[in-house]
Amino acid sequence: MQQSLSIEAKNILENNWRQGFTVPCEGLYPFQWHWDSGFIALGWMHLDLERAFKEIQSLLKGQWKNGFIPHIIFHNPSDSYFPGPEVQASHLSPFAPEIPTSGITQPPVLGWVLGEMYAFAKADSRMLPFLNEVYDAAYHFHEYLYTHRDPKGEGLVYICHNWEAGTDNTPVWDSIWDTMDSPEYDLDRKDNLHIAASHRPSNREYQHYIHLIELFKSYAYDDALIAEKSPFLVQDPLFNAMLIASNAALIDLGRILGKLEKVSQLEQWNAQSKKSYNQKLYDPELKGYVYYDLRNDRALPVLSSSSFTALFAGIPDKNRAFEMIEAFAKGPFSGKQKEFLLCASFDPSSNSFDPKRYWRGPIWINLNWLLYRGFRKYAALELTEQIKADTLYLMKKYGFYEYFDPRKEQDKKLTQGYGGKNFSWSAALTLDLLLNK
Ligand code: GLC
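Residues numbered from 1 in each chain as written. Predicted model: local features only at pLDDT ≥ 70, side-chain atom pairs only at ≥ 80, totals over all residues. Heavy atoms only, no water.

Caption draft 1: Seen up close, the overall build of the protein chain. Across its full length, the protein chain holds 18 helices and 10 strands. Its C-alpha radius of gyration of 20 Å places the protein chain within 12% of the 22 Å reference for a compact globule of 437 residues. Here the C-alpha coordinates of the protein chain stretch approximately 55 × 55 × 45 Å along the principal axes. Classification of the 437 residues of the protein chain by burial places 64% in the buried group. When contacts within the protein chain are restricted to residue pairs at least 6 apart in sequence, those whose partners lie at least 24 apart make up 72%. A total accessible area of about 16,600 Å² is found for the protein chain, and carbon and sulfur atoms account for 49% of it. (Helix = DSSP H or I, 4+ residues; strand = E, 2+ residues; numbered from the N terminus. Rg over C-alpha atoms; globule rule 2.2 N^0.38 Å. Buried < 20%, exposed > 50% of the residue type's maximum accessible area, 1.4 Å probe, protein only. Contact = heavy atoms within 4.5 Å. Areas by Shrake-Rupley, 256 points an atom, 1.4 Å probe, with all protein chains shown as cover.)

Here's what the structure looks like:
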């Protein structure tokens, strides 16, 4: 059974491979996506280390001269996605590379992905030369984030667009959209041609997404102007947890590579980041980390699966982690009667929870993988086993879809997952769950 699952996962990655990088999903997402490539590289590492290297090298082809790594790299033309390179217009920035990219980023997974690759293949003679080749670029991205995305010098970097979070339409943003008066653009959406509209973000939400991009283009993607004027400026617990985990991995790898000045800078950044993350983002009543709306100077006290990714990055001390884990196990994410498969992407007890609509409730496999590793790190054995078992159950029953309904009642009736089929990170991370002991 498990063998056939890993063969299916391998076939998906093979089919989605495009000479140097892997598309997240044929048709629906036809380019290279930033944080997808990190998760996908973990799958390739089990199958073909060269491809894992290529995945990262191709991502870095999109890096800007100021260190910024964009969320999409348009290696190839395609008319099956909106907004494509002509809408995103990266050439407006003086820092953009020749290859067209988006002008916004995604969670900084690269550092800790390199750490995972090293742990897996340190005995391989190709590993150190590869790390030597990419290390400075990974560091440069962190330097960009701390220099341009942390206006108050807190060690917490902001995202300026919901797509930068990776959790595109989470209800967390609803109260931010309420502060904006975006124009009613005519949208040339392609996603709804592939997927039922009721499972995707609404048109009004898309108008906000495009409005932010139009604003950033009018500032030629200048970071200082964005920090001053963007109506969306958020310190996101998932994004910052990825940064902290990546700092830690780059510290370890930097020591191995003899990059001691960079190591000491990373240590300073990371100490400050962890301190502020614990002080500013923890909500003791909800017992999880929450978002901070920097533009409107207010916490956004709601729980999503991102609230628990701090465990993956080793951010809380043991006492706080214990408190979080206990609340998670007994609270709304599993349900009092254990009526949910792990892990809903948004608090199932909230009125905004929608178990079918993208990041407003469904289960996503990359978040499951991060939570699995987080629970494991703090020896929460039951949850570790449960989230792994639920993930593999979904893959076996439905196949490698993009997202899944968390309601066990609904699971009895359903025969399909939601969103794109043959989704690359669902395949890659299943391989890692099966093969990485
Ligand atoms: C969707 C997801 C995002 C992902 C992208 C490509 O936009 O919300 O996290 O990176 O698809 O798979």
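Caption draft 2: Spotlight on the packing of aromatic side chains. The full count for this structure, using the stated rule, is 45 aromatic pairs. Ring geometry for Tyr-29 and Phe-423: centres 6.2 Å apart, planes at 70°, overall edge-to-face. Residue Tyr-29 is located in the loop between helix 1 (2–16) and strand 1 (32–33), and its partner Phe-423 is located in the loop between helix 17 (408–413) and helix 18 (424–435); the two are separated by 394 residues in the primary sequence. Cation over ring: Arg-189 sits above Tyr-206, and NZ or CZ is 3.8 Å from the ring centre. Lying over the aromatic face of Tyr-292, Lys-280 brings its terminal NZ or CZ to 3.9 Å of the ring centre. (Phe/Tyr/Trp six-rings, centres within 6.5 Å; stacked < 30°, edge-to-face > 60°. Lys NZ or Arg CZ within 6 Å of the ring centre and 35° of its normal.)

Caption draft 3: Structural view of the site of the ligand. Taken together, Pro-24, Tyr-29, Trp-33, Trp-35, Asp-36, Gln-106, Gly-166, Asp-168, Tyr-358, Trp-359, Phe-423 and Trp-425 make up the full set of residues near the ligand. One of the side-chain nitrogen or oxygen atoms of Trp-35 is found 3.0 Å away from an oxygen atom of the ligand. Between the ligand and Trp-359, the relevant distance is 2.8 Å, taken from an oxygen atom to a side-chain nitrogen or oxygen of the residue. Protein contact buries 97% of the 300 Å² of open area that the ligand shows by itself. Considering only residue class, the shell around the ligand consists of 8 nonpolar, 2 polar and 2 charged. (Near = heavy atom within 4 Å. Polar contact = N/O pair within 3.5 Å; in protein donor to acceptor, adjacent residues only side chain to side chain. Nonpolar A, V, L, I, M, F, W, Y, C, P; charged D, E, K, R; others polar.)

Caption draft 4: Local environment of the environment of Leu-114. Relative to the helices and strands, Leu-114 resides in helix 5 (residues 110–121). Residue Leu-114 is classed as buried on the basis of its relative accessible area, which comes to 0%. Residues Leu-114 and Gly-38, spaced 76 residues apart in sequence, show a C-alpha to C-alpha distance of 8.6 Å.

Caption draft 5: Just the sheet that holds strand 3 (residues 158–159), in detail. Spatially, the 4 strands line up as an open sheet ordered 3-4-7-8, and their pairing is antiparallel. Across the chains shown, the open sheet's two edge strands, defined by having one partner strand only, are strand 3 and strand 8 (298–300). (Pairing = 2+ DSSP bridges.)

Caption draft 6: Geometry of helix 12 (residues 237–257). For helix 12, spanning 21 residues, the distance from its first C-alpha to its last is 30 Å, which sits close to the expected 30 Å at 1.5 Å a residue. Within helix 12, 17 of the 21 residues are buried, leaving the element largely enclosed by the surrounding structure. (Expected span 1.5 Å × (residues − 1).)

Caption draft 7: Just the packing of helix 5 against helix 12, in detail. One way to put it is that helix 5 packs onto helix 12 with a least axis distance of 6 Å and a crossing angle of 50°. Taken together, the axes of helix 5 and helix 12 lie oblique to each other. Crossing handedness for the pair helix 5 and helix 12: left-handed. Taking contact as the criterion, the partners of Leu-110, Gly-111, Trp-112, Leu-114, Gly-115 and Tyr-118 in helix 5 are, on helix 12, Met-242, Ala-245, Ser-246, Ala-249, Leu-250, Leu-253 and Ile-256. (Axes fitted to C-alpha atoms, helices over the stretch in contact; angles between N-to-C directions. Parallel < 35°, antiparallel > 145°, perpendicular 65-115°, else oblique. Left-handed = near helix turned anticlockwise from the far one by under 90°.)

Caption draft 8: The arrangement of the pattern of salt bridges in detail. Tallied over the entire structure, the rule returns 27 salt bridges. A salt bridge links Asp-136 to Lys-259; the shortest N-O distance between them is 3.1 Å. Of this pair, Asp-136 sits in helix 6 (residues 127–148) while Lys-259 sits in the loop between helix 12 and helix 13 (260–281); the two residues are 123 residues apart in sequence, bridging distant segments of the chain. Residue class for Asp-136 comes out partly exposed when judged on its relative accessible area of 33%. (Salt bridge = Lys/Arg side-chain N within 4 Å of Asp/Glu carboxyl O.)

Caption draft 9: Representation of the side chain of Gln-207 within the structure. Residue position: Gln-207 is located in helix 10 (residues 203–218). A polar side-chain atom of Gln-207 sits 3.1 Å from the main-chain carbonyl oxygen of Tyr-185. Leave out the neighbours within four places in its chain, and Gln-207 touches Ser-182, Pro-183, Glu-184, Tyr-185 and Leu-187.

Bear in mind that shape data such as this cannot, by itself, settle questions of function.
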